Amino acid sequence: MSFMKTLKKNISMKLNMAQYQLYSSSKESAAVERCPIDCVIPGYCPEEPIPSYNQNNAIPFKIDYSYFINEMSSKREPSKLREITRLLEKLPPDCIKFGVGVPNVLTFPFKKISVELITGENINLEGEELSDALQYLPSVGYRPLIKILEEIQESYHGPQNWNERSIIMTSGAQEGLSKVVDMCMRCNDPVIMPDPVYTGAVDLFKPYNADIIPIVQDSCGVIVEEIEKVLAERKRKMMPIPKMIYLNPTASNPAGTTMPTHRKRAIYKLACEYNMLILEDDPYYYLLFKKENPVSFLSMDTEGRVLRFDSFSKIMSSGLRVGFVTGPITLVRRIELHMQTSSMHTSSLSQVLLYKLLSHWGKDGLISHFMHVQNFYKQKLDHMMSAIKKNLNGLAEWYEPNGGMFLWLKIIGLNDAKQLVATRCLDKLIILAPGYALSANTEKPSPYIRISYSIASPEEVDRGISLLAEAIREELSK
C-alpha cells in the first residue's frame, strides 16, 4: 500500500475533516467558529459570521502571474547546465553522461552513513542512496522525497492538481519566503502583514523600501475588517493595491495566535477580489494542541493564489535546513530559476535522509512523531502557564496559545517594555524578546514581550518567571 493511501487511512485521528467540506457540493453552512473571550491583542475579538462566499461556486479565473513577477525575476532564464541535471531524472540509469560536469562519488571518503533514531532504530544510507545524498541534485529537489510530500499535502490539505501546482525544496521555509519576496517585490510596493510580525519575514521586505501595511491582531489572528478597511480605502483613493498578504496562520510567531477557518475564507475572498497572493508561512502547523488540524489557505485555493511555506525545522531538526514551497507551477518555476544560480539546491544529504526517515516511518510513525512533539510542547506550555498565573497576575495580561512555542504578554502600566527587557531582566540573566522588535514599526514603543517556552527546563521556568515578576515591579516603581 502506498504512503499516501496508508496515511489517509489513519489520518482521521488528527485531520480536520471540515477541510473536506471545501470540496463538497453540500449547501449546508458550517458552524461558526468562536474566538476566545480573553482577547488582549488588542482587547477586541468579534464573533464574525462565516462569509457567504463559497469557493466551490467561484467562477474559474485564470491568473496572469506576470502581474506578480518583477523585472529582475522575469529576466531569469534556465541555467543550461542545471537543466541537464533536471533531464537526468527522466533518462534511464544506463545513459552515458558525457555532458554532466559533476565529481565522481567514488572519490568521496564516505562508505556508509548511519543515523540512530531515539527509538534505537537505524537509518542507513549506502549504495545508490548514498550516491544521491553526496551528489548534486536538480534544483527542485530529490524527486522521491517530493513524491512523499505531495502525498502528505493531499492528505492534510485536500486533493491537489499537480499539473498546475508543484513543490520545490528549500533550505528551510525562510529560503522559500526570501525567494518569493525577491520574485515579486518592486521598490515601494505595499504589502499586508500582521502586527506583531515574525521579524524574519518583515526584514525581507525592508530592502525594497516596502510600504508595510500592519494589520492589528486579536487572539484569533489578524482582524479581517481591518484588511477590508485598508483595501477599500486604498481603492477609493486610487492608491496601489498590495499584491501580497503575508500570514503566519497557525500558532504564530510572536503572538501565538491561530486563525480560525472563517477568517481564512474571508481573507481568501479578499485576495480574489483584489488580486493578491497569499504567502502562507506555516511552520507551526503540526504543533497545534488540538485534536483537529487547521484548515489551510492551500486547501481552499481554487484560483492559484496561495504560496504555502512548510518546514521540518520545528518537527524534525532545524539543522537539517529542509523546507518546501507548494504553489502555482508558474511561480514555483521562477523560484527554481533563482535557485539554479544561488544555492543550486537544498542539501542532498538532508533531503535523502529525510526521505529515508519518512519511508521508514510510514503513516503510523509520522503521526506518532507529530503527536509526540505536540505533547512535548503542550507540557512545556502548561508548566509555563502555571508559573505565569502564579507570579504575573495583576502585572501582565495574556491569553493562552493553543500551539507553537510562544507566549505574548502585555505588561500592565508600561508604555514601553524596552528597558524592562534590555536592562532589568538582562541584569537578572533573563532573556526575553521585546515587543517593539517584533512590531511592523520598530520605532514605536510597545508594552509587550515575547516568552518562548520551548527549551527552558521546569526549574528555569519557575525561577525565571519569578524573577520577571520582580523585574516588572522594580520597573513600575522607578
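Everything discussed here concerns the structure shown above.
Note that residues are indexed from 1 along each chain, following the sequence as it is written. pLDDT decides what is reported in this predicted model: residues at 70 or higher carry local features, side-chain atom pairs at 80 or more are listed and counted, and totals for whole chains, interfaces and linings draw on all residues regardless. Note that the side-chain values use all heavy atoms of the structure and ignore hydrogens as well as water.

(A) A look at the environment of N163. Tracing the chain through its elements places N163 in the loop between helix 5 (143-157) and strand 3 (165-170). Exposure categories follow from relative accessible area, calculated using a 1.4 Å probe and restricted to protein chains: below 20% of the type maximum is buried, above 50% is exposed, and the middle band is partly exposed. For N163, a relative accessible area of 69% translates into the label exposed. Spatially, the C-alpha atoms of N163 and I329 are 7.7 Å apart, while their sequence positions differ by 166 residues. Runs of E in the DSSP output that reach at least two residues are strands. Runs of H or I that reach at least four are helices, and both are numbered from the N terminus.

(B) Broad picture of the packing of helix 5 against helix 11 (residues 348-391). Axes here mean lines fitted to C-alpha atoms, for a helix over just the part in contact, with angles spanning 0 to 180 degrees between N-to-C directions. Remark: helix 5 packs on helix 11, axes separated minimally by 8 Å, with the N-to-C direction vectors making an angle of 25 degrees. Taken together, the axis directions place helix 5 and helix 11 in an arrangement best described as roughly parallel. Along this stretch, helix 5 crosses helix 11, giving a crossing that reads as left-handed. The segment helix 5 lies against helix 11, with P144, L145, I148, L149, I152 and Y156 engaging Q351, L354, Y355, L358, S359, L366, I367 and F370. Looking at the contact of helix 5 with helix 11 residue by residue, the class counts come to 12 nonpolar, two polar and no charged. Roughly parallel covers angles under 35 degrees, roughly antiparallel covers those over 145, roughly perpendicular covers 65 to 115, and oblique covers all other angles. Crossing handedness is defined as follows: a turn of the near helix away from the far one that is anticlockwise and smaller than a right angle gives a left-handed crossing, while the clockwise case is right-handed. Residue contacts are defined here by distance: any two heavy atoms, one from each residue, within 4.5 Å place the two residues in contact. For this classification, the nonpolar set comprises Ala, Val, Leu, Ile, Met, Phe, Trp, Tyr, Cys and Pro, the charged set comprises Asp, Glu, Lys and Arg, and every other residue, Gly included, is treated as polar.

(C) Structural context of the packing of aromatic side chains. The rule is short: rings of Phe, Tyr and Trp, with Trp giving its six-membered ring, pair when the centres are within 6.5 Å, and they are stacked under 30 degrees, edge-to-face over 60, tilted in between. Applying the stated criterion to the full structure yields 11 aromatic pairs. Between Y142 and Y355, the ring centres sit 5.6 Å apart and the planes meet at 80 degrees, which makes this aromatic pair edge-to-face. Placement of Y142 in the loop between helix 4 (127-134) and helix 5 and of Y355 in helix 11 is noted, with a sequence separation of 213 residues between them. Y355 carries the same exposure label as Y142, and that label is buried. For the ring pair W408 and Y448, a centre distance of 5.1 Å and an interplane angle of 10 degrees mean the geometry is stacked. Taken as a pair, W408 in strand 12 (residues 406-411) and Y448 in strand 14 (residues 448-452) lie far apart in primary sequence, 40 residues in all. We classify W408 as buried; its relative accessible area is 3%. Members of the aromatic cluster, each reached through a chain of ring pairs, are Y156, Y285, Y286 and F370.

(D) Spotlight on the side chain of T257. Looking at the element boundaries, T257 is found in the loop between strand 7 (244-247) and helix 9 (261-274). What makes T257 buried here is its relative accessible area of 3%. Polar contact is the term for a pair of N or O atoms within 3.5 Å; when the atoms are in protein, one must be able to donate a hydrogen and the other to accept it, and sequence-neighboring residues count only if both atoms are side-chain atoms. Only 3.0 Å separates the side chain of T257 from the side chain of Q217, close enough to count as a polar contact. When sequence neighbours within four positions are dropped, the list of residues in contact with T257 reads Q217, D218, S219, C220, G221, N248, P249, T250, A251, S252 and Y399.

(E) Local environment of unusual backbone geometry. P196 follows D195 through a cis peptide bond whose omega is 10 degrees. Turning to its location among the elements, P196 is positioned in the loop between strand 4 (190-195) and helix 7 (199-205). Omega for the bond connecting N253 with P254 falls within 30 degrees of zero, at 15 degrees, which places this linkage in the cis form. Summarising the element assignment, P254 is placed in the loop between strand 7 and helix 9. If you check the backbone angles, A251 has positive phi at about 45 degrees while not being a glycine. Tracing the chain through its elements places A251 in the loop between strand 7 and helix 9. For A251, a relative accessible area of 0% puts it in the buried group. Unusually for a residue other than glycine, R321 sits at a positive phi of about 55 degrees.

(F) Inspection of the environment of V224 at higher detail. Secondary-structure assignment places V224 in helix 8 (residues 224-236). Each C-alpha atom, one on V224 and one on A266, is 7.1 Å from the other, the two residues being 42 residues apart in sequence.

(G) Representation of the layout of surface pockets in the model. Reported here for the largest pocket is a volume of approximately 840 Å³. Along its surface, the largest pocket is lined by 25 residues, and L88, K97, E128, D132 and Q135 are the ones closest to its centre. Elements that contribute at least two residues to the lining of the largest pocket include exactly helix 3 (80-88), helix 4 and helix 5. A total of three residues in the lining of the largest pocket trace back to one element, the largest contributor, which is helix 4. For the lining of the largest pocket, the class distribution of residues is 15 nonpolar, five polar and five charged. The method works on a 1 Å grid over the protein atoms by themselves. A cavity is a set of points holding a 1.4 Å probe that cannot get out, a pocket is an open set with protein on both sides within 12 Å along at least five of seven lines, and residues with an atom within 4 Å of a point line them. Grid points are joined across faces, edges and corners, and a volume is the space filled by probe spheres set on the points.

(H) Fine view of the sheet that holds strand 13 (residues 433-434). When DSSP finds two or more bridges between two strands, those strands count as paired. The sheet built from four strands is open, its strands ordered 11-12-14-13 with antiparallel pairing. On the outer flanks of this sheet lie strand 11 (396-397) and strand 13, each paired with one strand and no other. Two strands pair when backbone bridges link them, and strand 13 and strand 14 are joined in this way by two bridges, in the antiparallel orientation. If you follow P434 over to strand 14, its bridge partner there is I449.

(I) Inspection of the nonpolar core at higher detail. L392 and I451 are the most contacted members of the largest nonpolar core, which totals 101 residues. In terms of residues, this core owes the most to one element, helix 11, which gives 16 residues. In this structure I451 touches M384, I388, M405, F406, L407, L409, L432, I465 and L468, once residues within four positions along its chain are discounted. Residue types Ala, Val, Leu, Ile, Met, Phe, Trp, Tyr and Cys, when buried and joined through side-chain atoms within 4.5 Å, form a set referred to as a nonpolar core. The next biggest cluster of nonpolar side chains, apart from the first, holds 25 residues, and it includes A266, Y268, A271 and M276.

(J) Layout of the packing of helix 4 against helix 11. One can describe the packing of helix 4 onto helix 11 by two numbers: an axis separation of 6 Å at closest approach and a directional angle of 140 degrees. On the basis of the axis angle, helix 4 is oblique to helix 11. Contact residues: helix 4 offers E129, D132 and A133, while helix 11 offers S348, L349, V352, Y355 and K356. Of the residues belonging to the contact of helix 4 with helix 11, the class tally is four nonpolar, one polar and three charged.

(K) Focus on the pattern of salt bridges. A side-chain nitrogen of Lys or Arg and a carboxyl oxygen of Asp or Glu constitute a salt bridge if their distance falls within 4 Å. Applying the stated criterion to the full structure yields 22 salt bridges. A salt bridge links R263 to D218; its shortest N-O distance comes to 2.8 Å. Of this pair, R263 sits in helix 9 while D218 sits in strand 5 (residues 211-218); the two residues are 45 residues apart in sequence, bridging distant segments of the chain. For R263, a relative accessible area of 0% corresponds to the buried category. A salt bridge links R308 to E280; the nearest nitrogen and oxygen atoms lie 3.2 Å apart. Placement of R308 in strand 9 (residues 306-311) and of E280 in strand 8 (residues 277-281) is noted, with a sequence separation of 28 residues between them. The exposure class of R308 is buried, given its relative accessible area of 0%. Salt bridges sharing common partners tie together R424, K428, E470, E474, E475 and K478.

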